[in-house]
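# A closer look at the structure
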Protein chains: 2
Amino acid sequence: MDRIKYIIDENEMPDKWYNILADLPTPLAPPLNPLTKEPIDPKDLEPIFPKELIKQELTTQRYIKIPEEIREIYKIWRPAPLYRAKRLEEKLKTPAHIYYKNEGVSPPGSHKPNTSVAQTYYNMKEGTERITTETGAGQWGSALSFACNYFDIECKVYMVTSSFYQKPYRKSLINLWGGKVVPSPSPDTQFGRKVLEELPDTTGSLGIAIGEAVEDAALNENTKYALGSVLNHVMLHQTIIGLECQEQMKMAEEYPDIVIGCCGGGSNLAGISFPFMKEKIDGTQDPRIIAVEPSACPTLNKGKYEYDYGDTGKMTPLLKMYSLGYDFVPPAIHAGGLRYHGCAPTVSALVAEGLMEATTYHQQEVFEAGVLFARTEGIAPAPESTHAIKCAIDEALKCKVTGEEKTILFNLSGHGHFDMTSYDKYFNGELSNE
Amino acid sequence: MDRIKYIIDENEMPDKWYNILADLPTPLAPPLNPLTKEPIDPKDLEPIFPKELIKQELTTQRYIKIPEEIREIYKIWRPAPLYRAKRLEEKLKTPAHIYYKNEGVSPPGSHKPNTSVAQTYYNMKEGTERITTETGAGQWGSALSFACNYFDIECKVYMVTSSFYQKPYRKSLINLWGGKVVPSPSPDTQFGRKVLEELPDTTGSLGIAIGEAVEDAALNENTKYALGSVLNHVMLHQTIIGLECQEQMKMAEEYPDIVIGCCGGGSNLAGISFPFMKEKIDGTQDPRIIAVEPSACPTLNKGKYEYDYGDTGKMTPLLKMYSLGYDFVPPAIHAGGLRYHGCAPTVSALVAEGLMEATTYHQQEVFEAGVLFARTEGIAPAPESTHAIKCAIDEALKCKVTGEEKTILFNLSGHGHFDMTSYDKYFNGELSNE
């Protein structure tokens, strides 16, 4: 059997992130102030974000140097291995070559710490002592707690009440790394208290949790807010995934014909694909790049490309993006990380320009793909990642029909160790087919 | 900061296991037939084990070649990384150099697949179509299911009823890889039916589960039984851990003064330490080797070194080993993998000869060490592994007093992703201090 893992030495890790804003064919439409509907003044963001991240949000500089302190923490799990999915290929009897990047090797188990470590570092540099955030299933909350621990910053996570009680293990991880987590709505904020008074039985929502986390950051000293997806600086930090993949594909002496990522807010997809997108835009290569959404939340596939709020509470700036509407509530699918009504403005722009494709799959078929993956490649994938797996399998099966030996690369954004109840439901035939 | 990970290329993985039986100062006392009390005839084992494993159980050949098919599956996660615990050292302000081998990177999350893959392979070669086993918390059961999946062998796991319902996620993993798992006692065996009739409300025990798994293997065609610890061939397969560590310590240009592993049946400890023990026995090096047990189950520390049964049902051969008595029932500590009344005959012999030390820790202090480890090294350790962590920390703190720059190596036998309720109890102050 050929080599199955491509590993870069920790001292050869990329030393810069790639910024797609330098190469977008059309500049991004600016974020608008939710009250005035005028382009936002960067200074308006300073109560909740550190200056360096606001700068990274807006800059069109192509590469940003990764500070040494961030690289030192990345080294705990990075460079992440690239795998050749030989056993999956053999099972499918496809001539395609399938590769996947395993971002599940990070301690929090997903790609999220690529940005949580960076955001926390810049906050530390500017004297932030507390960071607040919201979390749904807890991937982002645990990644932020992991990062804050390293920079001695207090971490406060507002976790949607229903998840807080139904998915307790990422809450445990938040505690393990020293973060604080409360069910949202909570009595800790004015907004939370108001919601609790009006709707004492609510199980919460991401919109409510964002409201609480932002209020906490805005009203408390030395406290900032952190967001785990959607924004440009988040996409930027995630590009280390694709930059590593470029080196690893060179080691394998291949170039991907197709690059695939699942897509909620867009960060793991942006992470793996933007460095390849650069080469597509500048014409040196022509990979297809595919965003995979759940049928239950088909933002890029069925949403409108227009200005919309990032949250249900209409408190965030208006962003030009594909959206199903700020008040859209997707069904409770198990891929909690893909249940977002909008999508990153950068990813949205690339889809709108026709540079990126988008497709959808139902819950049942992606779990089926996840089980096939676990039984060939050995690794239990996160429900989010199974969307990318399903798409990679479908593309590989097309190659079986045409006889083409295409090279397919997808992002295994995380492991499924904290999602075992979802697999149980699949095996018990209790999974709704949203 | 210095390098923190030492990684061997998959094509440089060791191609043989090391057999300590070749170098024990005194030959092992033979296993005895439980009925006749005479040394067992290898043929007596053939109804439940394949011939090659019986051969490996008894041979004194120093090195056994690892078949290529096994190495190909090992490559999914091996060679496992060796880490320098720089952040832990800094936190402790110790001059000691602390290294740990991360066996938690395997898909089932522990060192167990090192032997499950090997055992399943040899079974496949001899035509076995089904393998049965017992499991407590599920680490071994999931590792066996993982392995059987690759060799198209049906896997049937008898899981202690209390764990089946209280620790459901490793059960989910067993299903994910295609294995079958039932709560034990079960109506699937004569022994299980008998127990259910006599004790309809029992929550089961490992002894009962062993009884069911062995009966199933003995009475059904093309069915064998697999054991995840204690036996010589299991220790043999685990030595790939220490053999890799020897290469990695060379990369780090160090040699361990102390090698540490937690100890239940003894397999992860044997795995990391036996290759170093060889050099201790032949006099080329003189590392201290320490077995760490829970105070609640201090087999090596307080047991008797004599012939005893491996199970509560007195069905297994009698093994000369340290034992707390075949009917000893340890308290329900969270390190389920360390709750065994006996210990591997090889490990026992080395302790009896004074070549290996043994120590114990209470549950509260090992979890405290586990949290410190998670907050410095980032990784959430399994409750079993926290015993080795605690011992490594204590040895490093002794160096702080003496000023010695000792090199300490321990085995991080697994991750704690499926043990988060134990951490919750620790944080909630609900952990009993057994």
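The following refers to the structure shown. (Residues numbered from 1 in each chain as written. Chains lettered and ligands numbered in written order. Predicted model: local features only at pLDDT ≥ 70, side-chain atom pairs only at ≥ 80, totals over all residues. Heavy atoms only, no water.)

### Quick notes on the packing of helix 11 (residues 240–251) of chain B against helix 12 (residues 267–281) of chain B
All names here are of chain B. Put simply, the test is: To define axes, lines are fitted to C-alpha atoms, for helices over the stretch in contact only, and angles between the resulting N-to-C directions are given on a 0 to 180 degree scale. Here a strand is any run of E in DSSP of at least two residues, a helix any run of H or I of at least four, and the numbering for each starts at the N terminus. Reported orientations rely on four angle classes, namely roughly parallel under 35 degrees, roughly antiparallel over 145, roughly perpendicular from 65 to 115, and oblique for the rest. For any helix crossing, the convention is left-handed if the near helix is rotated counterclockwise from the far helix by under a right angle, and right-handed if that rotation is clockwise. Any two residues whose heavy atoms approach within 4.5 Å are treated as being in contact. In the scheme used here, Gly and all other residues not listed as nonpolar or charged are polar, with Ala, Val, Leu, Ile, Met, Phe, Trp, Tyr, Cys and Pro taken as nonpolar and Asp, Glu, Lys and Arg as charged.
Following both chains from N to C, one finds helix 11 and helix 12 inclined at 55 degrees, their axes separated by 7 Å at the closest point. On the basis of the axis angle, helix 11 is oblique to helix 12. Every pair of crossing elements has a handedness; the one defined by helix 11 and helix 12 is right-handed. Between helix 11, through I241, G242, L243, C245, Q246 and M249, and helix 12, the contact on the second element is made entirely by N268, G271, I272, P275, F276 and E279. For the contact of helix 11 with helix 12, a count of residues per class yields 7 nonpolar, 4 polar and 1 charged.

### Things to note about the pattern of salt bridges
Residue and element names in this part refer to chain A. The test is simple: One side-chain nitrogen of Lys or Arg within 4 Å of one carboxyl oxygen of Asp or Glu is enough to make a salt bridge. Summary of the burial criterion: residues with accessible area below 20% of their type's maximum are buried, those above 50% are exposed, and those between are partly exposed, where the area comes from a 1.4 Å probe applied to protein chains only.
Tallied over the entire structure, the rule returns 52 salt bridges over all chains. A salt bridge links E154 to R130; its shortest N-O distance comes to 3.5 Å. Of this pair, E154 sits in strand 7 (residues 154–160) while R130 sits in strand 6 (residues 130–135), and the two are 24 residues apart along the sequence. By relative accessible area, R130 is classed as buried at 16%. In this structure, K278 engages D282 in a salt bridge whose closest nitrogen and oxygen atoms are separated by 3.4 Å. Here the salt bridges share partners, and the residues they tie into one network are R78, K101, E103 and E244.

### Remarks on the pairing of strand 15 (residues 407–412) of chain A
All names here are of chain A. We apply this condition: Whether two strands pair depends on DSSP finding at least two bridges between them.
Of all 6 residues in strand 15, 6 are buried; the element is thus mostly enclosed. Because side chains alternate across strand 15, one face comprises the buried residues T407, L409 and N411, and the other comprises I408, F410 and L412, equally buried. In this structure, strand 5 (residues 97–102) lies alongside strand 15, joined through 6 bridges in parallel fashion. By the bridge assignment for strand 15, I98 is matched with I408. Direction of pairing for strand 10 (residues 258–262) relative to strand 15: parallel, over a ladder of 3 bridges. Within strand 15, the position partnered with V259 by the bridge is L409.

### What to know about the interface of chain A and chain B
Short version of the rule: By definition, the buried area sums, over both parts, the 1.4 Å-probe accessible area that each loses when the two are put together. Whenever a nitrogen or oxygen atom comes within 3.5 Å of another N or O atom, the pair is scored as a polar contact, on the condition that within protein one atom can donate a hydrogen and the other can accept it, and that pairs from neighbouring residues in sequence are kept only if both atoms are in side chains.
The partner chain B presents 42 residues to the 42 residues of chain A that form the contact. Summing both partners gives a buried area of about 3800 Å² for chain A against chain B, and 53% of it is carried by carbon and sulfur. Summed over the shared surface of chain A and chain B, the result is 4 salt bridges. Where chain A touches chain B, the interface holds 31 residue pairs in polar contact (both at pLDDT 80 or more). Where the side of chain A that touches chain B is concerned, the elements lending two or more residues are helix 2 (68–74), helix 5 (139–150), helix 7 (168–176), helix 15 (363–377) and helix 17 (420–427) of chain A. In the side of chain A that touches chain B, the residues fall into 21 nonpolar, 10 polar and 11 charged.

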